[in-house]
Amino acid sequence: MYDPAQLRTFLTVAQTLSFTQAAGRLGVRQSTVSQHVRRLEAATGRTLFARDTHSVELTEDGEALLGFARSILEAHERAAAFFTGKRIRGRLRFGASEDFVLTRLPEILERFRHEHPEVELELTVELSGTLHERLDAGRLDLVLAKRRGPGDERGRLVWRDRMVWIGAEGLRVDPDRPVPLIVFPPPGITRARALDVLQADGRPWRIACTSGSLSGLIAAARAGLGVMAHTRGLIPPGLVRVAGLADLGTVEFALLQGDRRPTAASEALAAAILAGGDRLSRPA
């Protein structure tokens, strides 16, 4: 009933929230992306995206289709792997940003290890800035991390979202006092964005908590120590958006590979992450 090519296009648009970005990632024309979405909407009889000239958002029916689309595509991939009989081997050094600690990335990695048991997977969880440095130094093969900022188009876009200020429920930021910040240490990309935005807005600030662990930052925020910049789709339980501060803009998460030629293992994991990218945009 549903064309796998159309479902793959649908998932890519859902992850990037952009027909243009989806076309670039899939290597097709934007008109092809639009055509695939229209045909899938005709097949389901539902509107899957609410879109205008400025934004693209999933509808409730689009959200419902996500799980079905993943299941159908995963079944196709398992069948293809079974009948081709190819076995992937080798060592794969994979780095993931702290942002994904509380998402469903472990589910994607578990499935990858189940399907490719002969791949020696080494996982590094670090700040995005640190992962960029290790990749550039040749110490990692594949990285899932934030892009460094506007104009950075390295790697394959996995997911785009807005950044927001969050804190404990009931927390209010006094406009007459420095903003209490909860931040990662340098070279944290989120930290740099928060400081740059406050400086551009003329708001004084102070560091209320620094931690290299996302769990540490969340604990400090839940205790009411201050506010932190965070991805909108991954707001942890017990924390809410905080109003009254300057807009943080958008953030992009991308898959980046080192200068060496990609291996079969790195390409297989990259494909698994790209296929399941929407799982990363929601807390586990």
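In what follows, the structure referred to is the one given above.
Residues numbered from 1 in each chain as written. Predicted model: local features only at pLDDT ≥ 70, side-chain atom pairs only at ≥ 80, totals over all residues. Heavy atoms only, no water.

**Student:** A description of the pairing of strand 5 (residues 142-146) should follow, citing residues and the corresponding values.
**Tutor:** Burial within strand 5 is extensive, with five of its five residues counted as buried. Of the strand pairs in this sheet, strand 3 (residues 90-97) and strand 5 are connected by three bridges, and their pairing is parallel. Residue Phe94 lies in a different strand from strand 5, and its bridge partner there is Leu142. Judged from the five bridges that link them, strand 5 and strand 11 (residues 250-257) form a sheet pairing that is antiparallel. Bridging across to strand 11, Leu144 finds its partner in Leu255. (Buried < 20%, exposed > 50% of the residue type's maximum accessible area, 1.4 Å probe, protein only. Helix = DSSP H or I, 4+ residues; strand = E, 2+ residues; numbered from the N terminus. Pairing = 2+ DSSP bridges.)

**Student:** Please set out the packing of helix 1 (residues 4-16) against helix 3 (residues 30-44) residue by residue, giving values where relevant.
**Tutor:** Here helix 1 crosses helix 3 at 110 degrees, and the two axes come no closer than 9 Å. Looking at the two axes, helix 1 sits roughly perpendicular to helix 3. Where helix 1 approaches helix 3, its residues Ala5, Gln6, Leu7, Thr9, Phe10 and Val13 are matched on the opposing element by Val33, His36, Val37, Arg39 and Leu40. For the contact of helix 1 with helix 3, the residue count by class is seven nonpolar, three polar and one charged. (Axes fitted to C-alpha atoms, helices over the stretch in contact; angles between N-to-C directions. Parallel < 35°, antiparallel > 145°, perpendicular 65-115°, else oblique. Contact = heavy atoms within 4.5 Å. Nonpolar A, V, L, I, M, F, W, Y, C, P; charged D, E, K, R; others polar.)

**Student:** How would you explain the environment of Ala22 if you had to name every residue and give the values?
**Tutor:** With respect to the secondary-structure elements, Ala22 resides in helix 2 (residues 19-26). Using a relative accessible area of 0% as the deciding quantity, one classes Ala22 as buried.

**Student:** Which residues make up the pattern of salt bridges, and what values do they have?
**Tutor:** What the rule picks out here adds up to 16 salt bridges. Between Asp136 and Arg148 there is a salt bridge, with the nearest N and O atoms lying 3.5 Å from each other. Of this pair, Asp136 sits in helix 6 (residues 128-136) while Arg148 sits in the loop between strand 5 and strand 6 (156-168), and the two are 12 residues apart along the sequence. Asp136 gets classed as partly exposed once you look at its relative accessible area, which sits at 45%. Ionic contacts of the salt-bridge type, sharing partners, join the residues Asp136, Arg148 and Arg154 into one network. (Salt bridge = Lys/Arg side-chain N within 4 Å of Asp/Glu carboxyl O.)

**Student:** Now, about helix 1: what can you tell me, with residues and values included?
**Tutor:** Between the first and last C-alpha of helix 1 there are 18 Å, a value that for 13 residues agrees with the 18 Å anticipated at 1.5 Å per step. Of all 13 residues in helix 1, 10 are buried; the element is thus mostly enclosed. Those residues of helix 1 that sit buried are Gln6, Leu7, Thr9, Phe10, Leu11, Thr12, Val13, Ala14, Gln15 and Thr16. By the N-cap criterion, in which a side-chain oxygen at the helix start approaches the backbone nitrogen of a residue two or three places on, helix 1 is capped by Asp3, the distance to Ala5 being 2.8 Å. Trailing helix 1 by a residue or two, Leu17 shows a phi angle of about 50 degrees, which is positive. (Expected span 1.5 Å × (residues − 1). Polar contact = N/O pair within 3.5 Å; in protein donor to acceptor, adjacent residues only side chain to side chain.)

**Student:** Outline the pairing of strand 3, supporting the account with residue identities and numerical values.
**Tutor:** Of all eight residues making up strand 3, six are buried, and the element is well covered by its neighbours. Bridge count between strand 3 and strand 4 (residues 119-126): eight bridges; the pairing is parallel. From the neighbouring strand, Arg93 faces strand 4, where its bridge partner is Glu122.

**Student:** I'd like a description of helix 3, backed by residues and values.
**Tutor:** Here helix 3 is 15 residues long and its end C-alpha atoms lie 21 Å apart, about the 21 Å a rise of 1.5 Å per residue gives. Turning to helix 3, its buried residues are Val33, Ser34, His36, Val37, Leu40 and Glu41. Viewed along the axis of helix 3, the buried residues span an arc of 160 degrees, placing them on a single side of the element. Following helix 3 by one or two positions, Gly45 has its phi on the positive side, about 75 degrees. (Arc of directions from axis to C-beta.)

**Student:** How would you sum up the packing of helix 1 against helix 2? Please name residues and give values.
**Tutor:** Following both chains from N to C, one finds helix 1 and helix 2 inclined at 125 degrees, their axes separated by 8 Å at the closest point. Our classification of the angle between helix 1 and helix 2 gives oblique. Handedness of the helix 1/helix 2 crossing: right-handed. Taking contact as the criterion, the partners of Arg8, Thr9, Thr12, Val13, Gln15 and Thr16 in helix 1 are, on helix 2, Phe19, Gln21, Ala22, Arg25 and Leu26. Of the residues that constitute the contact of helix 1 with helix 2, the class distribution is four nonpolar, five polar and two charged. (Left-handed = near helix turned anticlockwise from the far one by under 90°.)

**Student:** Could you give an account of the side chain of Arg147, with specific residues and numbers?
**Tutor:** Residue placement: Arg147 occurs in the loop between strand 5 and strand 6. Given the relative accessible area of 8%, Arg147 is considered buried. One polar contact links the side chain of Arg147 to the main-chain carbonyl oxygen of Arg154, over a distance of 3.0 Å. Among the polar contacts listed, one links the side chain of Arg147 to the side chain of Glu252, at a separation of 2.8 Å. Once residues within four sequence positions are removed from consideration, Arg147 is found in contact with His132, Asp152, Glu153, Arg154, Gly155, Arg156, Leu157, Ile189, Glu252 and Ala254.

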